[in-house]
Amino acid sequence: MLHVSQICLCPSLMTCSRLTLGGVSIDQTDPSSVEALVGQTVVLPCRVSPPPSSTVKVDWRRDGDPLSTRRHHQQPNGSLLVGPLSQLDSGWFLCVATREQERDHRYIYLSVSEMVLSFAGDAFRTDGPALLHHRSALKAVSIQWTKDGQTLSDPRLTQHSDGSLSIVSLQAADSALYTCTASSEQQLEQRTLQLKVQADLKITTAPNNIQVPEGSTALLPCVVSGDNVNIGWSRNGVPVRPDGRLVLKSSDGSLILNSVTPADEGTYTCNAYTGIYSVSATAEVKVTKHTQQDKDVPPECVDQPDLANCDLIVYARLCSNSYYSSFCCASCARHSLRRRRGGRLW
């Protein structure tokens, strides 16, 4: 007499329906993969019908090898309790149920990983958004951000589906301690990131091209906005070292050249930097030799040729205009001296 234990109604192994006629079977509707964190204890489902007994045997294997009993415990329904887990427990598990000549089996994949959080960046400028991000091993992990211990309420702060936190239109008030809390049913981990928002690094008052008489004083302004800014000067690519007498650097970063000589001519560059950011501005300094008229012109009266064509201003008789004469102080002063002394007028 032929004993039929089960009939497969479809050719596909994964979609096969079983018709049990007194044999042994495993419920195939349970998940075929299980995710877990290191340190957790999980159950690998293998519900056997009829339940394990003296005649129904259940055998578990991992990657084809028999399991040790120290951390693996078979449950009354045939499922396997595994834990505490390590990452080495990841792999394929095989559950085999037998009774006399009948046999059924199913594979289950166990994925074990650590809950890991990582962050990017700790200082951002106000000219761009900040992105604080985490990396989590499991989709089942819940992510929550706080700012200085308080729940986020500012609409400029958005937590995305991947757990990352973005902040748009950065403000100085956004500087704070941000804490990311990742939690699962059995584990919790926190990481804290300090966000420093730096003000825009800008040169608000840049040096201009100037022409100064020999022996006078040249002032090259360099006023910079920003936090913890360092300012240095160079001439023709060579650093300028203030000596406290002829070469001075003011508290706002401007450069002062006293008693200039033709040797002081050149291209001067103001370099401002903070952290990894830097800005610079350049100006040309030209020194004119002494004439009798130059001696009569105050040292602080200099031309600014990058703002106006002083020869043209004098020719067009615009020195009486305070706006134009402010750019061409030296040229207008010399022209006025020549006119008073009966010199050549344009």
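Each value, and the rule that gives it
- Residues numbered from 1 in each chain as written.
- Predicted model: local features only at pLDDT ≥ 70, side-chain atom pairs only at ≥ 80, totals over all residues.
- Heavy atoms only, no water.
- UniProt positions renumbered as here; feature names shortened; annotations may be inferred.
- Helix = DSSP H or I, 4+ residues; strand = E, 2+ residues; numbered from the N terminus.
- Pairing = 2+ DSSP bridges.
- Axes fitted to C-alpha atoms, helices over the stretch in contact; angles between N-to-C directions.
- Contact = heavy atoms within 4.5 Å.
- Phe/Tyr/Trp six-rings, centres within 6.5 Å; stacked < 30°, edge-to-face > 60°.
- Buried < 20%, exposed > 50% of the residue type's maximum accessible area, 1.4 Å probe, protein only.
- Disulfide = S-S within 2.5 Å.

Student: For this particular structure, what's the right way to read the UniProt feature "domain: PLAC" (unreviewed entry) in the protein chain?
Tutor: According to UniProt, the feature "domain: PLAC" (unreviewed entry) maps to residues 297-336 in the numbering used here. Secondary structure across residues 297-336 divides into 45% helix and 0% strand, with the first and last C-alpha atoms of the span separated by 10 Å.

Student: How do you make sense of the sheet that holds strand E3 (residues 42-44) when you look at a structure like this?
Tutor: Within a beta sheet, neighbouring strands are joined by backbone hydrogen bonds and run either parallel or antiparallel to one another. The sheet built from three strands is open, its strands ordered E3-E8-E7 with antiparallel pairing. The open sheet has two edge strands, E3 and strand E7 (72-74), and neither has a second partner. Averaged over all adjacent pairs, the angle separating strand axes in this sheet is 25°, with direction ignored. Relative to strand E8 (residues 80-82), E7 is paired through three bridges, and the arrangement is antiparallel. Its bridge partner lying in E8, histidine 72 is registered against valine 82.

Student: What is the right way to look at the environment of valine 212 in this model?
Tutor: Note on placement: valine 212 falls in strand E20 (residues 210-213). A sequence separation of 89 residues divides valine 212 from cysteine 301, and the C-alpha atoms of the two residues are 8.2 Å apart. When sequence neighbours within four positions are dropped, the list of residues in contact with valine 212 reads Thr217, Ala218, Val260, Lys286, Val287, Thr288 and Val302.

Student: Help me understand the sheet that holds strand E9 (residues 91-99), please; the structure alone is not making it clear to me.
Tutor: Ordered in space as E2-E10-E9-E5-E6, the five strands form an open sheet in which the pairing is mixed. The sheet is open, and its two borders are formed by strand E2 (33-37) and strand E6 (65-66), each paired with just one other strand. With nine bridges connecting them, E9 and strand E10 (residues 102-113) associate as antiparallel partners. Residue pairing across strands places threonine 98 opposite arginine 103, the latter belonging to E10.

Student: Even after reading the chapter, I still don't get the packing of aromatic side chains, so can you show me in this structure?
Tutor: Each aromatic ring pair is described using two quantities: the centre-to-centre distance and the angle formed by the ring planes. A full pass over the atoms with the stated rule returns four aromatic pairs. Plain terms: the ring middles of tryptophan 92 and tyrosine 107 are 6.4 Å apart, the flat faces sit at 85° to each other, and that makes the pair edge-to-face. Remark: tyrosine 107 occurs in strand E10 and tryptophan 92 occurs in strand E9; sequence separation between them is 15 residues. Judged by relative accessible area, which is 45%, tryptophan 92 ranks as partly exposed. Taking the relative accessible area as the measure of exposure, tyrosine 107 reaches 46% and is therefore partly exposed. Following the ring pairs from residue to residue traces out a cluster consisting of Trp92, Tyr107 and Tyr109.

Student: What am I meant to see in the state of the cysteines here?
Tutor: Defined simply, a disulfide is a covalent bond joining two cysteines at their sulfur atoms. Under the defined criterion, the tally for this structure stands at five disulfides. Each disulfide pairs two cysteine sulfurs, and for cysteine 222 the partner residue is cysteine 270, the sulfurs being separated by 1.8 Å. Here the S-S torsion is close to -65°, and the disulfide linking cysteine 222 with cysteine 270 is therefore left-handed. Placement of cysteine 222 in the loop between strand E21 (218-220) and strand E22 (223-225) and of cysteine 270 in strand E27 (residues 266-274) is noted, with a sequence separation of 48 residues between them. Taken individually, cysteine 222 and cysteine 270 each receive the classification buried, so the pair is uniform in this respect.

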